[in-house]
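Chain by chain, the residues:
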Amino acid sequence: MTQIMVRGAKALSGSIAVQGAKNSALPILAATLLNRGETVLRRCPRLRDVDASVRILRYLGCEARWEGDALTVNTAGLCRSEISDALMREMRSSAIFLGAILARCGQAELSYPGGCELGPRPIDLHLAGLRELGTDIREDGGRLVCAAPRLAGRELILSLPSVGATENLMLAACGAEGVTSICNAAREPEIEDLQNYLCACGARVCGAGTSTVTVEGGAPLHGCEYTVMPDRIAAATYLCAAAAAGGEICLTGAREQHLATVTAALREAGCDLRAEKARIVLRRTEPLRAVRPIRTAPYPGFPTDAQAVLMAALARSRGATVFEENIFTNRFRHVDELTRMGADIRVSGRTAVVTGAERLHGAAVRAADLRGGAALCVAALAAEGETAVSGVEHIDRGYEDLAAELRALGADIFRAERPEAE
Ligand code: UD1
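Residues numbered from 1 in each chain as written. Predicted model: local features only at pLDDT ≥ 70, side-chain atom pairs only at ≥ 80, totals over all residues. Heavy atoms only, no water.

**Comments concerning the overall build of the protein chain**
Helix and strand counts for the protein chain stand at 14 helices and 23 strands. Relative to the 2.2 N^0.38 estimate, which gives 22 Å for 422 residues, the radius of gyration of the protein chain is 21 Å and therefore close to what a compact globule would have. Dimensions of the protein chain, computed from the C-alpha atoms along their principal axes, are close to 65 × 45 × 40 Å. The 422 residues of the protein chain split such that 58% are buried. Contacts in the protein chain between residues far apart in sequence, at least 24 positions, make up 72% of those at least 6 positions apart. Accessible area of the protein chain: about 16,000 Å², with a carbon and sulfur share of 47%. Each charge class in the protein chain was averaged separately, 48 positive and 51 negative side chains, and the resulting centres sit 2 Å apart. (Helix = DSSP H or I, 4+ residues; strand = E, 2+ residues; numbered from the N terminus. Rg over C-alpha atoms; globule rule 2.2 N^0.38 Å. Buried < 20%, exposed > 50% of the residue type's maximum accessible area, 1.4 Å probe, protein only. Contact = heavy atoms within 4.5 Å. Areas by Shrake-Rupley, 256 points an atom, 1.4 Å probe, with all protein chains shown as cover. Lys, Arg positive; Asp, Glu negative; His and termini not counted. Charge placed at Lys NZ, Arg CZ, Asp CG, Glu CD.)

In structure tokens:
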């Protein structure tokens, strides 16, 4: 069993470059299926979820190889339009392949991604949109059997701005005849990144970043070289780590405009934050203060993915902060573990009230999900004594090497292999 061991109460200092965005790389890897050429994806993060996408691409008959941080994918050899149940289960966001396979092959078969550690993960909006574009979808023993001999563009209206549905429908729309507009689309920066990749391949897509994305389908697509945007959630994690531990860090490659709600909260908490062109410097010398209520919301609101790491930082602060989680039903699983470290957090439904403690102490804790796991590491940096974080496989889904990055910032943190029985 792998654990992350942290000896806390040590200020951070130093500079690191932010990894490429997981939530951009995953839809872009699905989008590579739309052309029959080669994509060189630079700054592609090496993560468990990216590995799972690579396995899906290879299963479908595509070639993928790493060279440093560049992942080259050649989709010329695509020879399958179905994904096995085992591969679908490896990664919750594998549903994104549906739109791309349909656009390329006119048919697709894969299993329901099912629920996940954050609660139910429905894909009803994805399926409704694909049906409106002309896909026949039937369920057969947990498998989705989809046929779309001819996709036809049209206006689609999402009942809520789902990131995954917006992306899936963008990919399907690239293979549809005519124009598709996706209204009430999600506005996350990763959707703009997907659009930029598609346009670099010759697709005609515009509007990403606003609530209407328009795709003129049918353009012949070619391969390209593309650089994935920096990961705003990884950046938020390191900023919260420095806020928790104190000290001064510099993140290069981070874009503050993608993180405005997070940096605003950290400033309110008493951090000194300077954002220059492509770097963010955070300094925290005074104790943290509680902030006004944090309510997670679709972009540009406060990201649900940064809720846990900010909560961990504010677990040691002056005053009480209210967190309201509005995106996922099961996103407070880090709370009990933070409580083991001395945090005072009361949960009621979708609300958590964090009353800042004067001290946190090390403990044996378990990550139940990706961002919750990162939050435990953040809290451990502020805690006195040693913390052992297990459930590291969740953390590895989204961070290239969280412990190594924090070590580069001066933290006393490392990965350790422990016998299972311990
Ligand atoms: C993406 C991100 C994830 C982030 C989330 C919200 C990726 C790979 N993952 O997930 O890190 O936390 O956005 O910013 O980019 N919903 C439905 N029906 C649907 C689709 C979604 O009811 O068909 C609901 C979900 O249950 C959830 C909400 O909509 O409550 C938001 O989900 P969505 O925006 O789709 O998130 P993901 O794309 O799954």
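**Overview of helix 2 (residues 48-59)**
Taking 1.5 Å per residue as the helical rise, helix 2 with its 12 residues ought to reach 16 Å, and the 16 Å between its terminal C-alpha atoms agrees with that figure. At the exit of helix 2 stands Gly61, carrying a positive phi of roughly 105°. (Expected span 1.5 Å × (residues − 1).)

**With respect to the domain arrangement of the protein chain**
Segmenting the protein chain into domains produces domain 1 (2-19 + 230-417) and domain 2 (22-227). When each unit is reduced to the centre of its C-alpha atoms, the spacing between domain 1 and domain 2 is 30 Å. Across the interface of domain 1 and domain 2, roughly 1,900 Å² is buried in total on both sides, 51% from carbon and sulfur atoms. For the pair domain 1 and domain 2, the number of links is two salt bridges. The salt bridge partner of Arg397 is Asp49, with a shortest N-O separation of 3.2 Å. Linking domain 1 with domain 2 are seven residue pairs in polar contact (both at pLDDT 80 or more), by the criterion used here. (Domains from an automatic or database assignment. Buried area = accessible area lost by both parts, 1.4 Å probe. Salt bridge = Lys/Arg side-chain N within 4 Å of Asp/Glu carboxyl O. Polar contact = N/O pair within 3.5 Å; in protein donor to acceptor, adjacent residues only side chain to side chain.)

**Overview of helix 9 (residues 260-268)**
Among all positions in helix 9, only Val262, Thr263, Ala265 and Leu266 are buried. Projected onto a plane normal to the axis of helix 9, the buried residues spread over an arc of 160° and lie on a single side. (Arc of directions from axis to C-beta.)

**Section: the sheet that holds strand 14 (residues 247-252)**
Overall, mixed pairing links the four strands, which are arranged 2-14-16-15 in an open sheet. The strands lining the two open edges of the sheet, one partner per strand, are strand 2 (12-17) and strand 15 (272-276). On average, each strand axis in the sheet is tilted by 10° relative to the strand beside it, whichever way the strands run. Alignment of strand 15 against strand 16 (residues 279-284), held across five bridges, turns out to be antiparallel. By the bridge assignment, Ala275 is partnered in strand 16 with Ile280. (Pairing = 2+ DSSP bridges. Axes fitted to C-alpha atoms, helices over the stretch in contact; angles between N-to-C directions.)

**Structural notes on the pattern of salt bridges**
In total, this model carries 29 salt bridges according to the counting rule given. Of the charged contacts in the structure, one is a salt bridge between Glu82 and Arg80, with a shortest N-O distance of 3.5 Å. A relative accessible area of 23% means that Glu82 is categorised as partly exposed. Overall, Arg80 belongs to the partly exposed group, its relative accessible area being 35%.

**Digging into the sheet that holds strand 3 (residues 38-42)**
For sheets, the rule is that strands pair by backbone hydrogen bonds, running either parallel or antiparallel. An order of 4-5-3-13 is seen for the four strands of this open sheet, with the pairing classed as mixed. Two strands lie at the open edges of the sheet, namely strand 4 (63-67) and strand 13 (224-227), each paired on one side alone. Averaged over all neighbouring strand pairs, the angle between strand axes comes to 15°, with direction disregarded. Alignment of strand 4 against strand 5 (residues 70-74), held across five bridges, turns out to be antiparallel. Looking across to strand 5, one finds that Glu63 is bridged to Asn74.

**A few points about the packing of helix 8 (residues 232-245) against helix 9**
A pair of packed helices can be characterised by two numbers: the angle between their axes and the separation between those axes. Where helix 8 contacts helix 9, the axes come no closer than 11 Å and their chain directions differ by 5°. Classified by the interaxial angle, the pair formed by helix 8 and helix 9 is roughly parallel. For the pair formed by helix 8 and helix 9, the contact residues are Ala236, Leu239, Cys240 and Ala243 on the first element and Val262, Thr263 and Leu266 on the second. (Parallel < 35°, antiparallel > 145°, perpendicular 65-115°, else oblique.)

**Points about the packing of aromatic side chains**
When we look at a pair of aromatic rings, we describe it by the centre distance and by the angle of the planes. A complete count under the given rule lists one aromatic pair for this structure. On the basis of an interplanar angle of 75° and a centroid distance of 5.9 Å, the ring pair of Tyr197 and Tyr226 is categorised as edge-to-face. Residue Tyr197 is located in helix 7 (residues 189-200), and its partner Tyr226 is located in strand 13; the two are separated by 29 residues in the primary sequence. Judged by relative accessible area, which is 0%, Tyr197 ranks as buried. (Phe/Tyr/Trp six-rings, centres within 6.5 Å; stacked < 30°, edge-to-face > 60°.)

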